[in-house]
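Overview (structure and organization)
If you want the building blocks of each chain, they are given just below.
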Amino acid sequence: RKTLSGVDASQLNARAQTGVLPGAGGEEMQMALGKSAGVHAGAAAASRPQSRAHQHQHPSKPSNPQRRHSVYFSNGQAPRVDPRPLGDKAYINSCVRQLISFLSSRGFDAALSPKTLAAPTAKEFAALSLFLFRQADANFKFGSKTEDDVPTVFKQLRYPFQISKSALYAVGSPHTWPSLLAALTWMVQMFIYEEEAGRNEAKVMCAEPAVSFFKYVSAAYRHFLAGDDARCDAVEREFSSVRCQKSAHVTASTLRLEQENAELDALWTSLTQETPQRAALHNEKDAFVRGVQKYEEDAGAMRRCIEIAEGHAAQARQSAHLCEEQFQASNKEAVDLRHRVSTQPVDVAAANFTDKEIQKQRDAMTLLKSRRSDVESRACASEVEAEHALAQLETNVKRYNDVARQLQLIPHTAKYATNASTFEAAINPRAHTEQTMVNVDFKNVRSTVKKIHEVHTQHKWSSEREHVNLDQSLQTCQDTLTERCDEANGLASKATRCETSYDSERKRLEGVLSHIMKELAEVEKDVTAVRQSPEASGSDNETALYTCQVDHDACLTLCGEERLAVQNMMLAALDALMGHKQQVQDALDASSSKLTEVSIE
């Protein structure tokens, strides 16, 4: 490769001739060398010297005969007719909504409403215009006359339609406000477009793989024309290092995704397996729950025993008090009888009769005592049986309340509780009949439990069907995951093959380029030899040299296109691999969420 550092400016800017003149061999050769300097810059090297030669020969004439005008129109004047439907109410309402949305999002301090913007005043229009102008220039201020500044600013902003000063004197009139509203909406759309373009510029640049290559070619060719070989080589090394870094980044991203995929597989496996520690903890929790329930049952039984003992103690105190009163009455009667016996006269017949009566009373007392002991023993046995039956009844009632609480029959805020009747059982130990001892009608309870059993049976059937469906979905997800993993492995192998073919193709192209550069050096030697030969044979040699140079340029162009095609193919394969990796990741996330839900259920 040879730069143009040693070429004269007059030779570099000379016009290309249609024929080969005897004195034009050096210029034609320099043009040919300029074409072969870059891979895609041959046309630019040929057109640039021609334009410079044209300017050199005709300095008084411009290089472009057509005058460059506005970006909107071919002539410098604005069109007289606005093609927008300014008379359509739907279009006007759309413009009003766009303007309100933009001003609200940018912090406009005044109150805005469609009614206000239906016919604004000149002061309100000036405030809106000033706020929008300051979006472009924060230091903007109106002059002494707003009517003169507004058309000027819109003209400087290249607004494609004319705004007359007379329209600004009657802003809210029906024939002037639609055009002014459309102008403000145009500014809003320009600001939005500028923000979106700036936000998407980085994405667009990153999405075009050939942009960096074209930048590299442009910079290298610029340094090549300037004759700075060192800077040209530095740009080439920098480009190669950047490409290597990008390739390394893509490889690292692929490895990281594969590692994350493996971690997700491990997490999925751990979620689907039941660990012994978790089963032990569940068993321990169940044991604790049963222990707490047992302690609560024991505490309830103790409280009931205490209540029964307190009731018996109260009865005993009452019985003792009655016995004390009876004892005092008996003592009083005994004292009266002793007094009466001591005062009445003693008779043998009466004494015998009295002794007999006393004996009869003693026999009756003995009989009564025996009967009383029998009654007391039977009462004690009956009391023991009653206490045992009451304890058994309390146990059954507690078991019933627990089952009713599990069935959500109690309390009154439970799912299956009714306002008409209560299902929470309670015992009244002082009841006189068996029907009033428990406050629950078990016939209603039985019908309600039957309905609950039917509901739970249907729920069980639906749960079993849902479980079968979930098992099928899980199997489908596992099959899909296996297929996606196989596809990922296939794409990875395909990417490896593409990288291998890319490296071999690059080495082949480098060999071809080195061979072409050797041929170019040989051609330069031949040209040097031809220059020293007589002028008679120079014309034929120049023609042959030009033909060879054209073929050489075509070959270089073809090689560059093939290289770009291979690079684009590699980038497309990597993009496809990344997309597939993302799909696999999403599928794994969905599978993990489904498995989590299944495990929770």
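Nothing here was measured: the structure is a model prediction, and the numbers come from that model. (Residues numbered from 1 in each chain as written. Predicted model: local features only at pLDDT ≥ 70, side-chain atom pairs only at ≥ 80, totals over all residues. Heavy atoms only, no water.)

Once that is clear, we can look at the overall build of the protein chain. Each helix and strand counted, the protein chain has 15 helices and zero strands in total. Residue burial in the protein chain is summarised as follows: out of 601 residues, 22% are buried. Pairs at least 24 apart in sequence give 66% of the contacts found in the protein chain among residues at least 6 apart. Entry remark: accessible area of the protein chain is about 42,100 Å², with carbon and sulfur atoms responsible for 56%. (Helix = DSSP H or I, 4+ residues; strand = E, 2+ residues; numbered from the N terminus. Buried < 20%, exposed > 50% of the residue type's maximum accessible area, 1.4 Å probe, protein only. Contact = heavy atoms within 4.5 Å. Areas by Shrake-Rupley, 256 points an atom, 1.4 Å probe, with all protein chains shown as cover.)

Looking now at unusual backbone geometry. In this model, arginine 158 sits at a positive phi of 60 degrees, which is unusual for a non-glycine residue. When you line up the elements, arginine 158 lands in the loop between α6 (146-156) and α7 (165-169). Among the residues examined, arginine 158 registers a relative accessible area of 46% and is labelled partly exposed.

By the element assignment, threonine 185 lies in helix α8 (residues 177-207). The contact partners of threonine 185, leaving out residues within four places of it in the chain, are Cys95 and Gln98.

The tendency in soluble globular proteins is for nonpolar side chains to be buried as a group. Core analysis: the largest hydrophobic core is formed by 32 residues, its most contacted members being Leu99, Leu103, Phe125, Leu132, Phe154 and Leu184. Mapped by element, the contributors of at least two residues to this core are α4 (89-105), α5 (122-136), α6 and α8. With nine residues, the top contributor of residues to this core is α8. Residues within four places of phenylalanine 154 in sequence aside, it is in contact with Phe133, Tyr159, Ile163, Ala183, Leu184 and Met187. (Core = buried A, V, L, I, M, F, W, Y, C linked by side-chain atoms within 4.5 Å.)

Within the secondary structure, alanine 431 is located in the loop between α12 (348-406) and α13 (434-437). Assessed through its relative accessible area of 18%, alanine 431 is described here as buried. The residues touching alanine 431, leaving out its near neighbours within four places in the chain, are Thr436 and Met437.

Its volume calculated, the second largest pocket comes out at about 770 Å³. Surrounding the second largest pocket, 25 residues form its lining, Ile308, Leu390, Glu394, Ile427 and Pro429 being those nearest its centre. Sorting the residues of the lining of the second largest pocket by element identifies α11 (276-343) and α12 as the ones contributing at least two each. It is α12 that provides the largest number of residues to the lining of the second largest pocket, a total of 12 residues. Class assignment for the residues of the lining of the second largest pocket results in 11 nonpolar, four polar and 10 charged. (1 Å grid on protein atoms, 1.4 Å probe; cavity = no way out; pocket = protein on both sides within 12 Å on 5 of 7 lines; lining within 4 Å. Points joined across faces, edges and corners; volume = space filled by probe spheres on them. Nonpolar A, V, L, I, M, F, W, Y, C, P; charged D, E, K, R; others polar.)

A few words now on the packing of aromatic side chains. Overall, the coordinates contain 15 aromatic pairs when judged by the stated rule. With a centroid separation of 5.3 Å and an interplanar angle of 80 degrees, the aromatic rings of phenylalanine 133 and phenylalanine 140 are classed as edge-to-face. As far as the burial class goes, phenylalanine 133 and phenylalanine 140 line up, both buried. These aromatic residues form a ring-pair network of at least three members: Phe133, Phe140, Phe142, Phe154, Tyr159, Phe161 and Trp186. (Phe/Tyr/Trp six-rings, centres within 6.5 Å; stacked < 30°, edge-to-face > 60°.)

The geometry of α4 relative to α5 is characterised by a closest axis approach of 12 Å and an angle of 60 degrees between their N-to-C directions. Put simply, α4 runs oblique to α5. For the pair α4 and α5, the sense of crossing is left-handed. Residues Leu99, Phe102 and Leu103 of α4 form the contact with α5, whose participating residues are Leu128, Phe131, Leu132 and Gln135. Residues of the contact of α4 with α5, tallied by class, amount to six nonpolar, one polar and no charged. (Axes fitted to C-alpha atoms, helices over the stretch in contact; angles between N-to-C directions. Parallel < 35°, antiparallel > 145°, perpendicular 65-115°, else oblique. Left-handed = near helix turned anticlockwise from the far one by under 90°.)

Moving on, we get to helix α10 (residues 229-272). Three- or four-residue spacings in an α-helix give side chains the same orientation, since the helix completes a turn every 3.6 residues. An ideal rise of 1.5 Å per residue puts 64 Å on 44 residues; α10 measures up with 64 Å between its terminal C-alpha atoms. Of the positions making up α10, those classed as buried are Cys232, Val235, Phe239, Ser253, Thr254 and Asn261. (Expected span 1.5 Å × (residues − 1).)

So, on to the confidence of the model for the protein chain. Overall, the predicted model of the protein chain reaches an average pLDDT of 77, with 81% of residues at or above 70. Within the model, pLDDT remains below 50 along residues 1-79, and this stretch shows 87 contacts once partners closer than five positions in the same chain are excluded. (pLDDT = per-residue confidence, 0-100.)

On to the side chain of histidine 223, then. By secondary structure assignment, the location of histidine 223 is in helix α9 (residues 210-226). Not counting the four nearest positions on each side in its chain, histidine 223 is found in contact with Asp228, Arg231, Cys232 and Val235.

With 15 residues, α5 extends 22 Å from end C-alpha to end C-alpha; this agrees with the ideal 21 Å at 1.5 Å per step. When α5 is considered as a whole, its buried residues turn out to be Phe125, Ala126, Leu128, Ser129, Phe131, Leu132 and Phe133.

Another aspect to go through is the pattern of salt bridges. For the coordinates displayed, the defined rule picks out 12 salt bridges. We note a salt bridge from aspartate 402 to lysine 398, for which the minimum N-O separation is 3.3 Å. One end of the pair, aspartate 402, and the other, lysine 398, are both in helix α12, four residues apart, so they sit about a helical turn from each other. Exposure remark for lysine 398: the relative accessible area of 22% places this residue in the partly exposed category. Salt-bridge contacts for aspartate 402 lead to arginine 405; the nearest nitrogen and oxygen are separated by 3.5 Å. Taken together, the residues aspartate 402 and arginine 405, both in helix α12 and three residues apart, mark about one turn of the helix. When its relative accessible area of 25% is taken as the criterion, aspartate 402 is described as partly exposed. (Salt bridge = Lys/Arg side-chain N within 4 Å of Asp/Glu carboxyl O.)

This paragraph deals with the environment of glutamine 549. Within the fold, glutamine 549 resides in helix α15 (residues 538-600). Glutamine 549 gets classed as buried once you look at its relative accessible area, which sits at 5%. Sequence-wise, glutamine 549 and leucine 520 are 29 residues apart; in three dimensions their C-alpha atoms are separated by 8.7 Å.

Within the fold, alanine 488 resides in helix α14 (residues 442-532). Put simply, alanine 488 and valine 584 are 96 residues apart on the chain and 8.3 Å apart in space, counted from C-alpha to C-alpha.

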